[in-house]
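Fold and contact review
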Amino acid sequence: MRVMRHTIPLVAGILVLAACQSTGSPGASGGDGEAVCDGDTDGYLGRICEAGTIVAFTDPAYPPQSFINDETGEYEGFDVDVTNEIAARLGVEVEFTTPAFDAVIAGEWAERWDIAVGSVTITEDRKEILDFTVPYYFTPAQMTTFEESDIQSIEDFAGTTVCVGEATTYLDWIEGTLTLTPEAGDVTDPPADITATTLPTDLDCADSWRSSRRDFEGWISSSTTVAGTIADDYPIREVGDPIFFEPLAVVFDQAVEDRASLVEAVDQIVQDMHNDGTLTAMSEEWFDGLDLTKQE
Amino acid sequence: MAGGGVQRVGTIDEIGVPTRAAILDEIVAAQRRRRRWFRGQFAFVWIVLVGIVGVFLWSAGRISWEFIFTSGPYILGGAGVTILVSAVAMVMAIGLALLGALGRLSVNAIFNAVASLYVSLVRGTPLLVQIWFIFYALPQADIVLDAIPAGIIALGFNYGAYMTEIFRAGIQAVPRSQREAAQALGLPERLVFRRIVLPQAVRIVIPAIGNDFVAMIKDSALVSVIAIQELLWRATRVGRSERQLLAAIAIAAVVYWILTIIFSYFQDKLEKRMARGDR
């Protein structure tokens with residue numbers, strides 16, 4: 001039996017503090033039409049509607065997808081807006097929690113959080129433990145090197161070390177274990193004898209270069225993250241065309257048996273957000289006018 | 001020196017030799033000067049060294065004032081969680097340590113074995129592993145703890161084991177004669193421990209406990225891996241968001257340092273007070 005939905009009370013004070021820690025804003029309401037929770041709901045969705053709150057993962061270390069506004073302490077960004085909009089259309093409040101990204105990919109969330117709108121790429125491997133909605137946007141995976149490096153093309157990375165964030169698809173690509181679904185399109189083969197080194201998040205690789213470390217020749221991240229660092233005068237330049245395009249979707253934990261109701265409802269909401277232009281507007285707001293919500 | 005001479009020349013005052021009081025004053029003043037000179041040099045060395053480190057960080061890290069002023073308060077806000085987690089975990093650790101020490105000294109084989117296994121297991125595995133275990137492994141047994149309780153339990157459990165050994169040593173350090181004297185006075189066995197041995201043991205272990213608390217404040221940074229938004233978590237997230245990771249970590253380091261300085265000050269006072277009994 002699950003011991004209560006979110007909590008085992010330990011000390012009253014701790015709970016108060018935990019509760020105060022991070023409650024997201026309810027977000028802009030969908031406005032038109034009634035919320036999903038206004039109708040009949042059952043299963044996991046029913047429990048969330050009854051609680052009135054959906055607990056959502058976010059890792060605020062990835063601007064512009066997710067970051068902290070240090071004046072208000074609120075989470076902001078593209079993923080955060082999408083999360084808030086989904087919750088608004090469900091008719092519940094959002095409460096954000098912030099474990100490490102690899103905890104999301106590993107599955108077995110123990111219902112500590114219900115949903116992850118964390119720019120998670122759909123792969124065949126992940127599909128074995130996680131459920132995905134339709135993609136809500138697509139990002140190109142971009143190879144980079146530091147400014148003064150001799151590397152000019154993707155083939156030049158042969159025999160070198162490349163830095164990637166932990167548990168990312170970029171790591172899978174280097175190790176030859178990337179299994180994108182057919183909708184992702186073509187994938188460039190990794191150069192021969194390329195080895196990976198990982199740091200906790202993508203940006204740590206870039207920071208490592210900025211602090212004058214040169215432990216690795218390359219860094220792979222989404223083109224949006226790369227563009228952000230270059231705009232901030234990091235000593236980085238892009239190499240070659242994108243190596244693959246990642247379809248990014250909302251994910252759920254397959255360990256929850258009665259999850260189907262929630263997955264279906266959110267999948268429908270994401271499709272609606274594509275159709276009514278909400279996602280395009282959010283993408284253009286956060287990605288400098290780029291609409292990344294359409295397949296290339 | 002003047003007394004009992006062969007021939008009386010005059011009083012000390014008359015010949016201008018300093019009085020005993022004046023000599024003492026002079027000695028005290030000299031000591032004070034020396035102490036002031038020492039403190040001055042001490043402070044000077046600290047300021048210079050900290051200044052060098054600061055300038056180095058400044059030039060190497062592209063640290064912006066703007067970041068420190070806008071994000072500093074947000075990072076500082078994490079100190080409350082750090083203190084709460086450390087303090088509650090410390091209370092738990094002290095309770096566990098007392099039980100553990102009694103177990104380790106017990107003649108009851110079962111009690112002794114349980115306490116010994118606890119100490120061996122916890123001291124034999126990394127704290128980070130224990131934190132992950134409590135957060136990720138316990139839910140497989142349908143025990144789902146929120147992040148903050150999980151972090152507190154992990155820290156308290158870990159420090160309880162180390163402090164068990166401190167308590168055990170403290171209890172054993174109370175002279176056997178104290179116990180014998182109490183027994184001779186006819187005190188019941190339970191009171192002998194509670195009223196005679198324990199208070200003296202506590203005084204012996206206070207410095208070591210204070211030391212552990214300082215270590216705990218810093219080790220609490222490890223619970224940032226299970227989504228507890230304490231000092232280091234806030235620093236790394238804001239640092240990455242604003243691309244000022246080095247500055248953010250430096251701010252967190254300074255806050256940890258200040259927290260331990262403040263605590264050490266109170267610990268010093270407590271120890272001085274408790275030492276008053278030693279004559």
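All residue numbers refer to position in the chain's written sequence, counted from 1. Each chain gets a letter, beginning with A, and each ligand a number, beginning with 1, in the order they are written. In keeping with the predicted nature of the model, local features appear solely for residues at pLDDT of at least 70, side-chain atom pairs appear and are counted solely at 80 or more, and the whole-chain, interface and lining totals rest on all residues.

Topic: the overall build of chain A
Counted only if it meets this: Put simply, DSSP marks the helices as runs of H or I at least four residues long and the strands as runs of E at least two long, and each gets a number from the N terminus on. Residues with at least 20 other C-beta atoms within 10 Å of their own are called buried, those with 12 or fewer are called exposed, and the rest are partly exposed. The C-beta atoms themselves are positioned from the backbone. Two residues qualify as being in contact provided that their C-beta atoms, derived from the backbone, are within 7 Å of each other.
Across its full length, chain A carries 10 helices and 11 strands. Here chain A, with 296 residues, has 47% of them falling under the buried criterion. Long-range pairs, those at least 24 residues apart, make up 77% of the contacts in chain A between residues at least 6 apart in sequence.

What about unusual backbone geometry?
Residues and elements named next belong to chain A. Residue Pro63 is joined to Pro64 through a cis peptide bond whose omega torsion reads 0°. Within the secondary structure, Pro64 sits in the loop between strand S2 (61-62) and strand S3 (66-69). One non-glycine residue with positive phi stands out, namely Glu108, at about 50°. Tracing the backbone shows Glu108 in the loop between helix H4 (101-105) and strand S6 (115-121). Using a count of 15 C-beta atoms within 10 Å as the deciding quantity, one classes Glu108 as partly exposed. Even without being a glycine, Ser212 presents a positive backbone phi close to 75°. The residue Ser212 is located in the loop between helix H7 (202-210) and strand S10 (218-222) in this model. Given 9 C-beta atoms within a 10 Å radius, Ser212 is considered exposed.

Some remarks on the domain arrangement of chain B
This is how the line gets drawn: Note that the domain bounds were set by an automatic or database domain assignment.
Looking at the assigned domains, one finds that chain B contains domain 1 (1-61) and domain 2 (66-275). The C-alpha centroid of domain 2 of chain B is placed 42 Å from the C-alpha centroid of domain 1 of chain B.

Description of helix H2 (residues 43-51) of chain A
All names here are of chain A. For clarity, the cut-off: Taking the helix axis as origin, the arc is that swept by the directions to the C-beta atoms.
Residues of H2 that are buried include every one of Tyr44, Leu45, Ile48 and Cys49, and no others. Angular distribution of buried residues about the axis of H2 spans 135°; they occupy a single face of the element. Buried residues in H2 make contact with strand S1 (53-57) and helix H9 (260-275). Looking one or two places after H2, you find Gly52, whose phi comes out positive at around 75°.

Focus: the packing of helix H4 (residues 78-105) of chain B against helix H10 (residues 231-241) of chain B
All names here are of chain B. What counts, and what does not: Structural elements are reduced to axes, namely lines fitted to C-alpha atoms, with helices fitted over the stretch in contact, and the angle between N-to-C directions of any two is expressed from 0 to 180 degrees. Angle categories: roughly parallel below 35 degrees, roughly antiparallel above 145, roughly perpendicular from 65 to 115, and oblique for all the rest.
The interhelical angle for the contact between H4 and H10, taken along N-to-C directions, is 150°, at an axis separation of 7 Å. On the basis of the axis angle, H4 is roughly antiparallel to H10. Side by side, H4 and H10 meet where Gly78, Ala79 and Thr82 of the first sit next to Leu231, Trp233 and Arg234 of the second.

Quick word on the sheet that holds S2(A)
To be explicit about the condition: A pair of strands counts as paired when DSSP detects no fewer than two bridges linking them.
Spatially, the 3 strands line up as an open sheet ordered S2-S3-S4 (chain A), and their pairing is antiparallel. Each edge of the open sheet carries a strand with a single partner, namely S2 and strand S4 (74-76) of chain A. Its contacts with the sheet place H10(B) against S2 and S3 of chain A, and it is angled at close to 110° to S3(A).

Considering the packing of helix H9 (residues 189-219) of chain B against helix H11 (residues 245-275) of chain B
Relative orientation and spacing of two packed helices are given, respectively, by the angle between their axes and the distance between those axes. Residue and element names in this part refer to chain B. For the pair H9 and H11, interaxial distance at closest approach is 10 Å and the crossing angle is 175°. Between H9 and H11, the angle falls in the class roughly antiparallel. Mapping the contact onto sequence places Arg203, Ile206, Pro207, Gly210, Phe213, Val214, Ile217 and Lys218 in H9 and Tyr256, Leu259, Thr260, Phe263, Ser264, Gln267, Leu270, Glu271 and Met274 in H11.

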